[in-house]
Amino acid sequence: MQEPTAENRNASDASSASAFDGTKSPEVSGSADPLGSFTAFAPIQGTSTPQTLALGADGNLWVTDLANNSIERMTPDGVVTSFPVPTQNASPFHIEAGPDGALWFTEFMSDKIGRVTTDGSFAEYPLPTLHSGVSSIATGPDGALWFTELDANKIGRITTDGAITEFLIPGEQSLPAGIAQGSDGAMWFCQKGANMIGRIDMAGAIVEYRLPTELAGAYGIALGSDGAMWFSERAANKIGRITTDGVITEFELPTLEAGVVGLALGSDGAMWFCERAANKIGRITTDGVITEFVVPTDASGPHGIVMGPDDAIWFVEQGGNKVGRIDSSGSITEFALQASPASPIGIAEGPDGAMWFTEWTGNAIGRITTDGRMTQFPIPTLASWPLTIAAGADGAMWFTENVGNAIGRITMEGAIVEYRLPTPGAFLAGIAAGPDGAMWFTERSLDRIGRITMDGTITEFLLPVLGALPVGIAAGPDGAMWFTERGADRIGRIAMDGSITQFPLPNAGSAPHAIAAGPDGALWFTESFGNRIGRITTDGTITEYDVPTDASEPRAIAAGSDGAMWFTEFVGDQIGRIEIDGTITEFAIPTEGARPWGLADGVDGNMWFADVGTSCIQRVGTGS
């Protein structure tokens, strides 16, 4: 059993959230709003989520802000200017100064490489591979930018004029993370899934070196003053060093479970690194002597790190909503960033009659009653990226932490427990209650279906097809769990004994996303790229219906109290309704900039949805 620890258990107190007041939203038959009418509740605010930073050619620091979907420019004296990324919900992650004087960055959710000049002009380049999970980026010795594709298991290269080449990593599910240029003219990268450090030369030839410590969780990597590559081992709680001929040395950190992530070379010739869980900045000399400095802001979650124009070390604080600076003496100065939308994304009805939702960038679980009263409960793990949520058989809500690599449980009073997965790098997606009383969930990056009992015991089932990218999951009327395989264009079924059956979709490139049981005894699902709603019977017969609006990207789907299925159109900015005979009606969301994602039937008969674009919860009437 995955036992909760002091670090991953939290009962929210009055200073951070109001406990459940005991009121249940009244269920009134026929009380739903008129068909197609919308109600929007006030935008939910969180903090910004700075990810990484880089020193620009203009002498300023440039920061990726995931929550605000922007690139931030910060002068050495702390003045911040924000530049919104053109693609909505792009999730800008890693940033690097390019050889052309511009800043280049990865867009994790939109499968793009972005470029921003120092005056704020953007260009974006779509990757050839969909669902790539593009992560880190670094300048190469050939004048191009090299990057890692976490989900696609590839190393990418982009020239400054936008030409992209991709190289497949030999091992399966290697989960490439950090990447950096070496002293030997090659690029070196971490493989947290394969437990290796990789090297790729300019011709694309890859060599891999296995780490001495199993399940080390290699994450960030950087070139040291000694010509070796230094890297962080997040799970093993170590700093690693590898020479260009592959000799590896590891150094234990003084602080247990420090959560070491990014690292950078300092002007003093030492390597500086972030201890995200321990709330410290660390320094290690080339002979392995380690010093640690506590960040003044509690639970600041230091993450990305770089040497600044003033030869000091600068870092971002994911939890503290700040950028920090530490000089060679260990003195730390902090600069605040702007507030941000909380980006609600998943939603479900709770046993208390309220709607519960995940705050993707707000890093919290929210609760809203049918009359609009809202409460927020912070998640103990910083930047966990909570995604989907569902009610469990124990009267609590269960949710997935996409980056936190955990399943969370929250009671009606707001007490949170987190259960870490046995396997790192799962990138959890969907979750649903099973007929056996357990919660079932999808592990997108590891091609697995997971099961967790009410006492936290986790079991994982490997899918037969690699690159399946399972996302949505739902209980079927046949006593099995049904799920979507976004990468393999299939619908899967897993019985309670773990046996798996797969059903290919008629059309390639459909990218099935969400799935839900319908009132007709079939399962209904969305096809994000196919722009269709699908229906599959329990014997595997598939029917598809085209969504009237082109390229609408249908995402979530749920059964309504009116006997129809309802779905969100993420790009179409609409809520769709499909009757059992396939008749589709679309309702345009009146709120400008809406990006509907999660959807659920409420106790009041309305359909409630999470609008990640405007950071609010909305509902649409069913007329029932």
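Model, not experiment: these values are computed from the prediction.

**Description of the overall build of the protein**
Then comes step 1: Scanning the protein from N- to C-terminus turns up 0 helices and 59 strands.
Then comes step 2: Over its C-alpha trace the protein gives a radius of gyration of 24 Å, about what one expects of a compact globule, namely 25 Å for 624 residues.
Then comes step 3: C-alpha atoms of the protein, sized along the principal axes, occupy 70 × 50 × 50 Å.
Then comes step 4: For the protein, the residues scored as buried account for 63% of the 624 residues in total.
Then comes step 5: Across the protein, every contact between residues at least 6 apart in sequence was considered, and the portion connecting residues at least 24 apart equals 43%.
Then comes step 6: Accessible area of the protein: about 20,500 Å², with a carbon and sulfur share of 50%.
Then comes step 7: Each charge class in the protein was averaged separately, 34 positive and 76 negative side chains, and the resulting centres sit 2 Å apart.

**Examining the sheet that holds strand E21 (residues 229–233)**
Then comes step 1: The 4 strands are arranged E20-E21-E22-E23 in an open sheet whose pairing can be described as antiparallel. Lying at the two open borders of the sheet, with one neighbouring strand each, are strand E20 (218–223) and strand E23 (248–252). Between one strand axis and the next, the sheet turns through 25° on average, direction left out of account.
Then comes step 2: Across 5 bridges, E21 lies against strand E22 (residues 238–242) in antiparallel orientation. Paired with Trp230 across the strands is Arg241, a residue of E22.

**Some details on the pattern of salt bridges**
Then comes step 1: Going through the model one piece at a time under the given rule, you end up with 28 salt bridges.
Then comes step 2: When the shortest N-O distance is used, the salt bridge between Asp371 and Arg373 registers 3.2 Å.
Then comes step 3: One salt bridge connects Arg555 with Glu553, and the closest N-O pair in it is separated by 2.7 Å.

**Some details on the pairing of strand E27 (residues 290–294)**
Then comes step 1: Two strands pair when backbone bridges link them, and strand E26 (residues 280–284) and E27 are joined in this way by 5 bridges, in the antiparallel orientation. Counted as the bridge partner of Lys280 is Val294 from E27.

**Let's talk about the state of the cysteines**
Then comes step 1: Considering all chains together, one arrives at 0 disulfides under this definition.
Then comes step 2: Cys190 takes part in no disulfide bond, and the closest cysteine sulfur, belonging to Cys274, lies 14 Å away.

**Quick look at the confidence of the model for the protein**
Then comes step 1: This prediction gives the protein a mean pLDDT of 91; 94% of its residues lie at or above 70.
Then comes step 2: A low-confidence stretch, residues 1–30 (pLDDT under 50), is modelled with 64 contacts involving residues beyond four sequence positions or located in other chains.

**Brief notes about the packing of aromatic side chains**
Then comes step 1: Summed over all chains, the structure comprises 20 aromatic pairs.
Then comes step 2: Aromatic pair Phe41 and Trp608: ring centres 5.5 Å apart, planes at 10°, arrangement stacked. Remark: Trp608 occurs in strand E58 (residues 607–611) and Phe41 occurs in the loop between strand E2 (38–40) and strand E3 (45–47); sequence separation between them is 567 residues. Per residue, the accessibility class of Phe41 equals that of Trp608, and both read buried.
Then comes step 3: Seen in terms of ring centroids, Trp104 and Tyr125 are 5.8 Å apart; in terms of plane orientation they differ by 15°. Their pairing is stacked.

**What about the side chain of Ser135?**
Then comes step 1: Positionally, Ser135 belongs in strand E12 (residues 134–139).
Then comes step 2: The contact partners of Ser135, leaving out residues within four places of it in the chain, are Phe93, His94, Thr106 and Thr148.

**What to know about the nonpolar core**
Then comes step 1: Counting residues in hydrophobic clusters, the biggest one holds 30 residues, and the most contacted among them are Trp398, Ile407, Leu421, Ile431, Phe441 and Ile452.
Then comes step 2: At the level of elements, strand E37 (386–391), strand E40 (415–420), strand E41 (428–433) and strand E42 (439–443) are the ones that each hand at least two residues to this core.
Then comes step 3: Looking at which element gives the most residues to this core, the answer is E41, with 3 residues.
Then comes step 4: If we skip the residues at most four places from it in the chain, Leu421 touches Asn405, Ala406, Ile407, Ala426, Leu428, Phe441, Glu443, Ile458 and Glu460.
Then comes step 5: Trp188, Ala218, Ile221 and Ala236 belong to the second-largest nonpolar core, a separate cluster that totals 16 residues.

**What to know about the pairing of strand E57 (residues 596–601)**
Then comes step 1: In terms of residue burial, E57 counts as a mostly covered element, since 5 of its 6 residues are buried.
Then comes step 2: Here E57 runs beside E58; their pairing, made up of 4 bridges, is antiparallel. In the sheet register, Ala600 faces E58, and the bridge partner there is Trp608.

**Observations regarding the environment of Thr87**
Then comes step 1: Inspection of the secondary structure assignment puts Thr87 in the loop between strand E7 (80–84) and strand E8 (92–97).
Then comes step 2: Separated by 20 residues in the primary sequence, Thr87 and Glu107 have C-alpha atoms spaced 9.0 Å apart.
Then comes step 3: Residues within four places of Thr87 in sequence aside, it is in contact with Asn69, Glu107, Ser110, Lys112 and Glu124.

Conventions and cut-offs
Residues numbered from 1 in each chain as written. Predicted model: local features only at pLDDT ≥ 70, side-chain atom pairs only at ≥ 80, totals over all residues. Heavy atoms only, no water. Helix = DSSP H or I, 4+ residues; strand = E, 2+ residues; numbered from the N terminus. Rg over C-alpha atoms; globule rule 2.2 N^0.38 Å. Buried < 20%, exposed > 50% of the residue type's maximum accessible area, 1.4 Å probe, protein only. Contact = heavy atoms within 4.5 Å. Areas by Shrake-Rupley, 256 points an atom, 1.4 Å probe, with all protein chains shown as cover. Lys, Arg positive; Asp, Glu negative; His and termini not counted. Charge placed at Lys NZ, Arg CZ, Asp CG, Glu CD. Pairing = 2+ DSSP bridges. Axes fitted to C-alpha atoms, helices over the stretch in contact; angles between N-to-C directions. Salt bridge = Lys/Arg side-chain N within 4 Å of Asp/Glu carboxyl O. Disulfide = S-S within 2.5 Å. pLDDT = per-residue confidence, 0-100. Phe/Tyr/Trp six-rings, centres within 6.5 Å; stacked < 30°, edge-to-face > 60°. Core = buried A, V, L, I, M, F, W, Y, C linked by side-chain atoms within 4.5 Å.

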